[in-house]
Amino acid sequence: MTVTENEARYDVVVIGGGAAGLSGALMLARARRSVLVVDAGTPRNAPAEAVHGLFARDGVPPAELLATGRGEVRRYGGAVIDGRVVEVSRDDGGLRVELEGGHAIGARRLLVASGVVDALPDVAGLRERWGRDVVHCPYCHGWEVRDRRIGVLATGPRAMHQVQLFRQWSDDVVLLLNDAMEPSGQEAEELAARGIEVVAGAVASVEVRGDALTGVRLADGRLVDLGALAVATRTDARAEFLAPLGLEPAPHPSGMGSTIAADAFGRTAAPGVWVAGNAADMSAQVGGAAAAGAMAAAQINMDLVTEEIASAVTARRDTAVPAGS
């Protein structure tokens, strides 16, 4: 079923045009559903030079991957537009998706793939290096910073997990406590056993020479030389537009942010609404987000099929000629 971007109602509106949203839209378009992707144009991995760990596409620039995905959705009749969703509400048994600027779109079902917002620590110069030599995930960026002197900026207790992971990619790793944590006795022993240096004190700024991170400056003036810096950010689901449906982001058990609660297939507590990608799973990489989007899309299609079966049966009964008439 093909649609145009000017049509006011779709089988499914997908909020977010990243890996999860485009993968879900592709599945739905191939299922001959009318589908519209609304993309705000703020992908989480935009600062990164390349996507890594993605089977058969390792090293592809994020913008190239998304452009390819948009083209694939459109090839099957799906629509993709640039826009920002400000509110979703109920409307005549369906859903009303309101965009910034006042335009509204109707949908039978909704797939939320709006991702998360990373809250970076208040360290001067950190944001400018984000996604380059200031990284967060060893599986995404560890190979690219391997064998450098890697600092791990503590933002809470999970820094212990992060620093021990990055030790896999370098023999020279430094835990910067940043006044955010204090290792327990056992943790201190584990750090020492793995040769991980521990530096106390708050981190004030990132040091850069030319176009490369060279270290961090502590609040007391000390300089710690580094070749890369890892930091675990707080990640909160972009979901304020779902409030009229009674959906609010729930705190993640790790304490590192919030997600939209859903079952294993992406179904939320709000009827007709599914979620996929980082908005539901803050640890999902591109491949995992895409898989979750495809799974949620298949569930949405089956939900629509079930509704259509019930409608067809009701219509048949209403038009059936009574026996003996």
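Residues numbered from 1 in each chain as written. Predicted model: local features only at pLDDT ≥ 70, side-chain atom pairs only at ≥ 80, totals over all residues. Heavy atoms only, no water.

Asks: Please explain the overall build of the protein as it appears in this structure.
Replies: Counting its regular elements, the protein contains seven helices and 19 strands. Over its C-alpha atoms, taken along the principal directions, the protein stretches across nearly 95 × 40 × 35 Å. The proportion of buried residues among the 325 residues of the protein is 47%. Contacts in the protein between residues far apart in sequence, at least 24 positions, make up 59% of those at least 6 positions apart. Working note: accessible area of the protein is about 15800 Å², and carbon and sulfur atoms make up 52% of it. (Helix = DSSP H or I, 4+ residues; strand = E, 2+ residues; numbered from the N terminus. Buried < 20%, exposed > 50% of the residue type's maximum accessible area, 1.4 Å probe, protein only. Contact = heavy atoms within 4.5 Å. Areas by Shrake-Rupley, 256 points an atom, 1.4 Å probe, with all protein chains shown as cover.)

Asks: Sorry, what's going on with the sheet that holds strand β12 (residues 203-209) here?
Replies: By way of backbone hydrogen bonds, the strands of a sheet pair with one another, either parallel or antiparallel. With respect to topology, three strands assemble into an open sheet ordered β12-β13-β14, the strand pairing being antiparallel. Looking at which strands have only one partner, the edges of the open sheet turn out to be β12 and β14 (223-225). With direction set aside, neighbouring strand axes in the sheet form an average angle of 30°. Across three bridges, strand β13 (residues 212-218) lies against β14 in antiparallel orientation. Bridge pairing links Gly-215 to Asp-225 in β14. (Pairing = 2+ DSSP bridges. Axes fitted to C-alpha atoms, helices over the stretch in contact; angles between N-to-C directions.)

Asks: Which parts of the structure should I look at to understand the environment of Leu-175?
Replies: Positionally, Leu-175 belongs in strand β10 (residues 173-176). Note: C-alpha distance between Leu-175 and Leu-229 (54 residues apart in sequence) is 10.0 Å. Setting aside chain neighbours within four positions, we find Leu-175 in contact with Val-152, Ala-154, Ala-159, Met-160, Val-163, Pro-183, Leu-191, Ile-196, Glu-197, Val-198 and Val-199.

Asks: I keep staring at the side chain of Ser-114 and nothing clicks. Help me out?
Replies: Summarising the element assignment, Ser-114 is placed in the loop between β6 (104-112) and β7 (116-119). Ser-114 sits in the buried class, given a relative accessible area of 10%. Within the structure, Ser-114 has its side chain in polar contact with the backbone oxygen of Arg-238 (distance 2.6 Å). Among residues more than four places away in sequence, those in contact with Ser-114 are Ile-15, Gly-16, Arg-238, Phe-241 and Ala-279. (Polar contact = N/O pair within 3.5 Å; in protein donor to acceptor, adjacent residues only side chain to side chain.)

Asks: So what exactly am I meant to see when it comes to helix α1 (residues 19-30) here?
Replies: For an α-helix, 3.6 residues make a turn, and residues three or four places apart therefore share a direction. In this model, α1 (twelve residues) spans 16 Å end to end at C-alpha, consistent with the 16 Å of a helix rising 1.5 Å per residue. Turning to α1, the residues buried within the fold contact β1 (9-15), β2 (35-39), α2 (62-75), β6 and α7 (286-319). Just downstream of α1 lies Arg-32, where phi reads positive at about 65°. (Expected span 1.5 Å × (residues − 1).)

Asks: Can you help me understand the packing of aromatic side chains in this one?
Replies: The geometry of an aromatic ring pair is captured by the separation of the ring centres together with the interplanar angle, meaning the angle of the planes. On inspection of all chains with the given rule, the structure shows one aromatic pair. Their ring planes at 85° and their centres at 5.7 Å tell us that Tyr-139 and Trp-169 sit as a pair that is edge-to-face. Of this pair, Tyr-139 sits in helix α4 (residues 138-141) while Trp-169 sits in the loop between α5 (159-166) and β10; the two residues are 30 residues apart in sequence, bridging distant segments of the chain. Here the guanidinium or amino end of Arg-146 rests over the ring plane of Trp-143, the centre of that ring lying 4.0 Å away. (Phe/Tyr/Trp six-rings, centres within 6.5 Å; stacked < 30°, edge-to-face > 60°. Lys NZ or Arg CZ within 6 Å of the ring centre and 35° of its normal.)

Asks: Whenever I open this one, the pairing of strand β9 (residues 150-153) confuses me. Can you help?
Replies: Side-chain direction in a regular strand flips from residue to residue, so the side chains alternate between the two faces of the sheet. Here β9 shows no split at all, with Ile-150 and Val-152 on one side and Gly-151 and Leu-153 on the other all buried. Taken together, the four bridges between β9 and β10 define a ladder with parallel strand orientation. Across the sheet, Val-152 pairs through a bridge with Leu-175, a residue of β10. Following the backbone out of β9, through α5 and into the adjacent parallel β10, one traces a crossover that is right-handed. Here four bridges tie β9 to strand β15 (residues 228-231), and the two strands are oriented parallel to one another. Pairing of Gly-151 across the sheet is with Leu-229, part of β15. (Right-handed = clockwise from strand over helix to strand, strands pointing away.)

Asks: I tried to follow the packing of α5 against helix α6 (residues 185-193) on my own but got confused; where do I start?
Replies: Each pair of packed helices can be summarised by the angle the axes make with each other and by the distance between the axes. In contact at an axis separation of 11 Å, α5 and α6 are set at 15° when each is read in the N-to-C sense. Relative to α6, α5 is oriented roughly parallel. In this structure, the crossing between α5 and α6 has a hand that is left-handed. Between α5 and α6, the residues in contact are Met-160, Val-163 and Gln-164 and Glu-187, Glu-190 and Leu-191, respectively. Its residues assigned to classes, the contact of α5 with α6 comprises three nonpolar, one polar and two charged. (Parallel < 35°, antiparallel > 145°, perpendicular 65-115°, else oblique. Left-handed = near helix turned anticlockwise from the far one by under 90°. Nonpolar A, V, L, I, M, F, W, Y, C, P; charged D, E, K, R; others polar.)

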